[in-house]
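# A closer look at the structure
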Amino acid sequence: MIYGSTGATHFDQLAKILTGYEITGARSSGIFMGILFIAVGFLFKITAVPFRAAKTPSPSDSISLLTLYMWAPDIYEGSPTPVTAFLSIAPKISISANISRVSIYGSYGATLQQIFFFCSIASMILGALAAMAQTKVKRPLAHSSIGHVGYIRTGFSCGTIEGIQALLIGLFIYALMTIDAFAIVSALRQTRVKYIADLGALAKTNPISAITFSITMFSYAGIPPLAGFCSKFYLFFAALGCGAYFLAPVGVVTSVIGCWAAGRLPRVSQFGGPKAVLRAPDT
Amino acid sequence: MVWSATMVGALLGLGTQMYSNALRKLPYMRHPWEHAVGMGLGVVFVNQLVKWDAQLQEDLDKMLEKAKAANERRYFDQDDE
C-alpha cells in the first residue's frame, strides 16, 4: 500500500516522502493504512498486545466468539520446549532488527510512534496480569515474554538513539534470560514437569537447578543487581528522556506486579513440597 | 591489566566448568582436563573482551569527533557568513 501511494520502494526515497507526510500533516489514507499494516505485521510476530490471532475458543467461554485468544501462550505450551525457546527468542531479535532498520533508514513518525506506545503499554499490563493466573510452567514464561516485549518496545517507541541502545541491551539480556529459563525447563522434562506445583521439590532434588531458575526468574522480575533490572533501567530512562512520562511509571508498576508472577516459580521450587502421589482406590 | 584479565578469565572458565558439573550432579572436579580447557577459553574470552572494549572506545571517540566537526561546519561556519 505504501508503494501504491508513494511509488517508491527505496528507503531513502521513502524517508523523504514519509517524513514530509508526517511534518506537513498531509492526509493520505493509503500511506496511513500502509504504515498501520506494517506495524501490525511486526507487532503480531513479536507477540505484542493486542495483535494476537484468534484460535478455537474453549468450551467454557460463553462469549468466545467475541474474545481474541493469544497465540503465544498456547503455541509455547503445546510445542516441544526447544521449539518454544527458539520461538520466544529468534523472532523477537529478527523483527526488532528489521523494524529498527526500516525506521532508522526510512521514517519513524507520530503515526507509528502512537501505535508502538499503545502496544508497549498494553503488552506490559497484560504480560504482568495474565501471568498471575497461570498454573502451568510454560505459560507464565510465555506471558513474561509478552510483558518483556512491551518493555523492549518501549525503547524502540522513543525514537531516540538512547532508545535504540536500550532496545539492543534489552534484547540481548532478554535472549540470555530466556535461553536460561527454557534450558532449565527442558532439563526437567524427564521428571515430567508440566504444572508449577510439579516444581515443588526441585530445591531438594536438584538445588543448583533450583537456584539457577530462581536467579533467572528474579532477573525476569527486574530485581537488582541482576541483568533484567539493568535492561529495564535503561529502557525506562530512555522513555523518560524522550518525554514518555506515562510509559515509564506504567512499566515500573507492571514490573512490581510481575514480580509476584515471576516470583511464584522460585517460591514453589524453593519452598514447595513434593507433588502428591496418587493412590490406587481401596478394593 | 593483562594479568588481572587473565586471572578473571581463568576463574570464570573454572567456575563455569565446575557449575556445569554441579548442574549434572557430578563431582565438581570430574574430568579435570575440561576445567583446563574452560580456564583457557575463559582467559582468551576476557582478554579479547578487554581489547574489544578499548577498540570500541577509540571508534566511538572518532565517531563523536567526526560528528562534532560536521556540526561545527554546518552551523558555526554559516554564522560567519
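Residues numbered from 1 in each chain as written. Chains lettered and ligands numbered in written order. Predicted model: local features only at pLDDT ≥ 70, side-chain atom pairs only at ≥ 80, totals over all residues. Heavy atoms only, no water.

For chain B, an unreviewed UniProt entry supplies the name Excitatory amino acid transporter and the organism Eucalyptus globulus.

Taken from UniProt, the Subcellular location (unreviewed entry) comment for chain A reads in full: "Membrane". (UniProt positions renumbered as here; feature names shortened; annotations may be inferred.)

When helices and strands are counted, chain A shows twelve helices and zero strands. Sequence-ordered secondary structure for chain A, helices as α and strands as β, is α-α-α-α-α-α-α-α-α-α-α-α. A separation of at least 24 residues holds for 74% of the contacts in chain A among residues at least 6 apart in sequence. When the accessible surface of chain A is split by element, carbon and sulfur atoms take 69% of a total near 14100 Å². (Helix = DSSP H or I, 4+ residues; strand = E, 2+ residues; numbered from the N terminus. Contact = heavy atoms within 4.5 Å. Areas by Shrake-Rupley, 256 points an atom, 1.4 Å probe, with all protein chains shown as cover.)

Examined against the element boundaries, Thr-81 of chain A turns out to sit in helix H5 (residues 81–105). On the basis of relative accessibility, which here comes to 11%, the residue Thr-81 of chain A falls in the buried class. (Buried < 20%, exposed > 50% of the residue type's maximum accessible area, 1.4 Å probe, protein only.)

All names here are of chain A. Structurally, Ser-255 can be placed in helix H12 (residues 247–271). For Ser-255, a relative accessible area of 10% puts it in the buried group. Non-local contacts of Ser-255, meaning those with residues more than four positions away in its chain, are made with Tyr-151, Ala-221, Lys-232 and Phe-236.

Bringing a negative patch on the surface into the picture now. A contiguous patch of negative charge, built from Glu-58, Asp-59, Asp-61, Glu-65 and Glu-72 of chain B, is present on the exposed surface. Relative to the helices and strands, Glu-72 of chain B resides in helix H2 (residues 32–80). (Patch = residues over 30% accessible without salt bridge, like charges linked within 9 Å, V, L, I, M, F, W, Y side chains within 5 Å. Salt bridge = Lys/Arg side-chain N within 4 Å of Asp/Glu carboxyl O. Lys, Arg positive; Asp, Glu negative; His and termini not counted. Charge placed at Lys NZ, Arg CZ, Asp CG, Glu CD.)

With that settled, consider the interface of chain A and chain B. Of the residues lining the interface, five residues belong to chain A; the matching set on chain B comes to four residues. Carbon and sulfur atoms supply 54% of the area buried between chain A and chain B, which totals about 380 Å² over both sides. Looking at the side of chain A facing chain B, the largest losses of area belong to Asn-206, Ile-208 and Thr-212 of chain A, adding up to 77% of the total buried there. Linking chain A with chain B are zero salt bridges. Applying the counting rule to chain A against chain B returns two residue pairs in polar contact (both at pLDDT 80 or more). For the side of chain A that touches chain B, the leading source of residues is helix H10 (residues 207–221) of chain A, giving three residues. Looking at the side of chain A that touches chain B, its residues break down into one nonpolar, four polar and no charged. (Buried area = accessible area lost by both parts, 1.4 Å probe. Polar contact = N/O pair within 3.5 Å; in protein donor to acceptor, adjacent residues only side chain to side chain. Nonpolar A, V, L, I, M, F, W, Y, C, P; charged D, E, K, R; others polar.)

Residue and element names in this part refer to chain A. UniProt records the feature "transmembrane region" (unreviewed entry) at residues 31–51, 115–133, 164–188, 208–227 and 233–261, using the numbering of this structure. Secondary structure across residues 208–227 divides into 75% helix and 0% strand, with the first and last C-alpha atoms of the span separated by 19 Å. Secondary structure within residues 233–261 divides into 83% helix and 0% strand; the distance between the first and last C-alpha atoms comes to 20 Å.

Residue and element names in this part refer to chain A. Within the secondary structure, Val-102 sits in helix H5. Taking relative accessible area as the criterion, Val-102 reaches 23% and is therefore assigned partly exposed. Spatially, the C-alpha atoms of Val-102 and Phe-11 are 7.4 Å apart, while their sequence positions differ by 91 residues.

The geometry of an aromatic ring pair comes down to the distance between the two centres and the angle between the two planes. Residue and element names in this part refer to chain A. Taken as a whole, this structure holds five aromatic pairs over all chains when the rule is applied. Judged by centre distance (5.9 Å) and plane angle (75°), the rings of Tyr-151 and Phe-236 are edge-to-face. Remark: Phe-236 occurs in helix H11 (residues 227–241) and Tyr-151 occurs in helix H7 (residues 138–158); sequence separation between them is 85 residues. Take Tyr-151 and Phe-236: they sit in the same class, and that class is buried. Their ring planes at 80° and their centres at 5.9 Å tell us that Phe-233 and Tyr-234 sit as a pair that is edge-to-face. Note on Phe-233: relative accessible area 38%, which makes it partly exposed. The partly exposed category is assigned to Tyr-234, whose relative accessible area is 43%. An aromatic cluster of three or more residues is present, and its members are Phe-229, Phe-233, Tyr-234 and Phe-237. (Phe/Tyr/Trp six-rings, centres within 6.5 Å; stacked < 30°, edge-to-face > 60°.)

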